[in-house]
Amino acid sequence: MTVLIERVRNALGPELAGPFAAFVAVMIVFGFAAPNFLSRATFGSVAFQLPELGLLTLAMLLPILTGGLNLAITFTANMAGLTLAWVLQSQGGVDAGIGAFLLGSVLAIAVGALSGLIMGFVIAYTKAHPILVSLSMMIFLRGLGEFLTRGGDVSGIPGFLAPIGYGSIFGIPVPLLIFIACVLIWHVLLTRMKLGFNTYMIGSNIEATRYSGINTRKVQVLVYTLSGAMCAVAGIIMLARFNSVRVGHGESYLLITVLACFLGGVNPFGGFGRVIPVFVALVVLQLLSSGLNLMGASQHLATAVWGILMITVMILRWLAGRLKFLNTNRG
């Protein structure tokens with residue numbers, strides 16, 4: 001059995017072995033325990049639910065790779081969605097045209113990028129801890145959004161946006177296609193571009209990276225700016241899907257994005273992690289949620305299971321590290 005596990009690990013690579021094992025475990029457990037789990041309806045539901053969470057996870061991934069964190073992802077996404085909604089309302093609401101949507105989308109992405117830019121600038125130039133900076137931005141965006149919307153929803157968008165939220169092309173949901181495109185962009189950025197290499201370097205050792213001649217401040221600012229822009233893409237998808245937006249939508253996603261990164265093999269201290277394993281981890285989490293729903297469990301129980309899963313992942317990674325250390329010493 002040990003030899004089989006080692007062969008699977010070598011075939012998939014160390015990054016994909018863990019998420020793939022979790023995928024197989026979820027499929028087996030819920031395949032027997034949940035009625036109609038292995039059905040087209042289940043996978044169709046996962047395909048529609050995955051993109052918004054996935055886009056927010058991509059927004060979380062880059063800061064974590066630098067050894068940081070972006071706690072403001074959901075509120076950044078909602079502020080970007082609100083920006084688009086306000087532009088559409090100013091141009092006629094349900095009667096607004098494509099020009100208004102394009103303008104609103106550009107402004108929404110600009111708002112998301114600006115949020116990330118401010119966080120990156122403060123983190124890079126003041127050396128404040130990313131948790132404190134992003135927490136402050138989260139509080140600011142939440143307060144500003146509640147003030148501007150008076151705690152309510154902003155709704156009423158043109159009908160031509162509906163396909164972006166829940167349309168499909170050749171049976172594949174449009175939001176999923178957008179998410180896959182963003183996954184590929186992030187993959188290329190991290191594996192083929194200088195910014196990706198520098199991101200890993202900073203996460204491994206920021207001081208050594210600085211002494212090697214890399215402008216670490218510029219890299220950190222770019223990383224958080226891109227994180228904010230990806231949040232805005234998620235906000236646009238959520239607006240199109242739900243036909244409304246409010247500042248507090250999707251607050252529970254914050255926990256799941258961090259969990260997806262860790263389950264996908266991303267080092268919580270930065271410097272190591274890949275996009276594709278994180279994508280597989282997201283699929284696992286959505287399948288887990290769907291399986292619990294089919295068994296009649298409430299969403300609150302699913303959130304509790306996600307929390308326990310995060311603790312379990314950390315324990316298993318610690319045990320794996322200890323076993324590797326012991327085997328190295330024996331050799």
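Residues numbered from 1 in each chain as written. Predicted model: local features only at pLDDT ≥ 70, side-chain atom pairs only at ≥ 80, totals over all residues. Heavy atoms only, no water.

Under the annotation held in an unreviewed UniProt entry, the protein carries the name Inner-membrane translocator and is attributed to Mesorhizobium prunaredense.

What to know about the overall build of the protein
A tally of regular secondary structure across the protein gives 14 helices and 4 strands. In terms of principal-axis extent, the alpha carbons of the protein reach across some 70 × 55 × 35 Å. Taking all 331 residues of the protein together, the buried fraction comes to 48%. For the protein, the share of sequence-separated contacts (at least 6 apart) that also reach a separation of at least 24 residues comes to 77%. (Helix = DSSP H or I, 4+ residues; strand = E, 2+ residues; numbered from the N terminus. Buried < 20%, exposed > 50% of the residue type's maximum accessible area, 1.4 Å probe, protein only. Contact = heavy atoms within 4.5 Å.)

Some points on the UniProt feature "transmembrane region" (unreviewed entry) in the protein
UniProt feature "transmembrane region" (unreviewed entry): in the numbering of this structure it lies at residues 20–39, 71–88, 100–125, 160–189, 221–240, 252–269, 275–294 and 301–320. Annotation note: span residues 160–189, helix share 70%, strand share 13%, distance between end C-alpha atoms 32 Å. (UniProt positions renumbered as here; feature names shortened; annotations may be inferred.)

Comments concerning the pattern of salt bridges
Taken as a whole and assessed by the stated rule, the structure comprises 3 salt bridges. Linking Glu52 and Arg241 is a salt bridge whose minimum nitrogen-to-oxygen distance equals 2.6 Å. On the criterion of sequence distance, the pair formed by Glu52 in helix H3 (residues 40–65) and Arg241 in helix H11 (residues 216–242) is long-range, its members being 189 residues apart. (Salt bridge = Lys/Arg side-chain N within 4 Å of Asp/Glu carboxyl O.)

Describing H3
Taking 1.5 Å of rise per residue, the 26 residues of H3 would be expected to cover 38 Å, and the 35 Å separating its terminal C-alpha atoms lies within 8% of that figure. Where H3 bends most, the angle comes to about 40°, and this point is Leu50, followed within four residues by the proline Pro51. In terms of burial, H3 is largely enclosed, as 19 of its 26 residues are buried. One or two residues past the end of H3 sits Gly67, with phi positive at roughly 90°. (Expected span 1.5 Å × (residues − 1). Bend = angle between axes of the 7 residues up to and from the residue.)

Points about the nonpolar core
Core analysis: the biggest nonpolar cluster contains 93 residues, and Leu58, Met60, Leu61, Leu88, Phe179 and Leu190 have the highest contact counts within it. Looking at which element gives the most residues to this core, the answer is H3, with 13 residues. For Leu58, the contacting residues outside a window of four places in its chain are Phe179, Cys182, Val183, Trp186, Met230 and Val275. (Core = buried A, V, L, I, M, F, W, Y, C linked by side-chain atoms within 4.5 Å.)

Quick word on the side chain of Ser290
Following the sequence through the fold, Ser290 ends up in helix H13 (residues 275–294). For Ser290, a relative accessible area of 8% corresponds to the buried category. Apart from the residues lying within four places of it in its own chain, the contact partners of Ser290 are Thr42, Ser45, Val46 and Gln49.

A short note on the side chain of Asn198
With respect to the helices, strands and loops of the structure, Asn198 is situated in helix H9 (residues 194–204). Excluding its chain neighbours within four sequence positions, the residues that come into contact with Asn198 are Ile214 and Val219.

Observations concerning the environment of Phe170
Position of Phe170 relative to the elements: it lies in the loop between strand S2 (168–169) and strand S3 (172–173). In sequence terms Phe170 and Val283 are 113 residues apart; their C-alpha atoms lie 21 Å from each other.

Examining the confidence of the model for the protein
Overall, the prediction assigns the protein a mean pLDDT of 85, with 92% of residues at 70 or greater. Taking the mean pLDDT of every element in the protein, the minimum, 42, falls on helix H1 (residues 2–12) and the maximum, 95, on helix H5 (residues 98–126). In the predicted structure, residues 1–12 sits below a pLDDT of 50 and forms 5 contacts with residues beyond four places in sequence or in another chain. (pLDDT = per-residue confidence, 0-100.)

Thoughts on the packing of helix H8 (residues 174–192) against H11
Two elements in contact, H8 and H11, have axes separated by 11 Å at closest approach and are oriented at 170°. One element, H8, and the other, H11, form an angle in the roughly antiparallel class. Judged by residue contacts, Pro175, Ile178, Cys182, Trp186 and Leu189 of H8 engage Leu226, Met230, Val233 and Ile237 from H11. Broken down by class, the residue content of the contact of H8 with H11 amounts to 9 nonpolar, no polar and no charged. (Axes fitted to C-alpha atoms, helices over the stretch in contact; angles between N-to-C directions. Parallel < 35°, antiparallel > 145°, perpendicular 65-115°, else oblique. Nonpolar A, V, L, I, M, F, W, Y, C, P; charged D, E, K, R; others polar.)

Some words on the environment of Ala128
Here Ala128 is to be found in the loop between H5 and helix H6 (130–149). Among the residues examined, Ala128 registers a relative accessible area of 27% and is labelled partly exposed. Along the primary structure Ala128 and Gly93 are separated by 35 residues, whereas in three dimensions their C-alpha atoms are 41 Å apart. Ala128 has contacts with Val122, Ile123 and Val133, leaving out every residue within four places of it along the chain.

Thoughts on unusual backbone geometry
Positive phi, close to 60°, is recorded for Lys127, a residue that is not glycine. By secondary structure assignment, the location of Lys127 is in the loop between H5 and H6. Of note in the backbone geometry, Phe170 takes a positive phi value of approximately 55° without being a glycine. With relative accessibility at 83%, the residue Phe170 sits in the exposed group.

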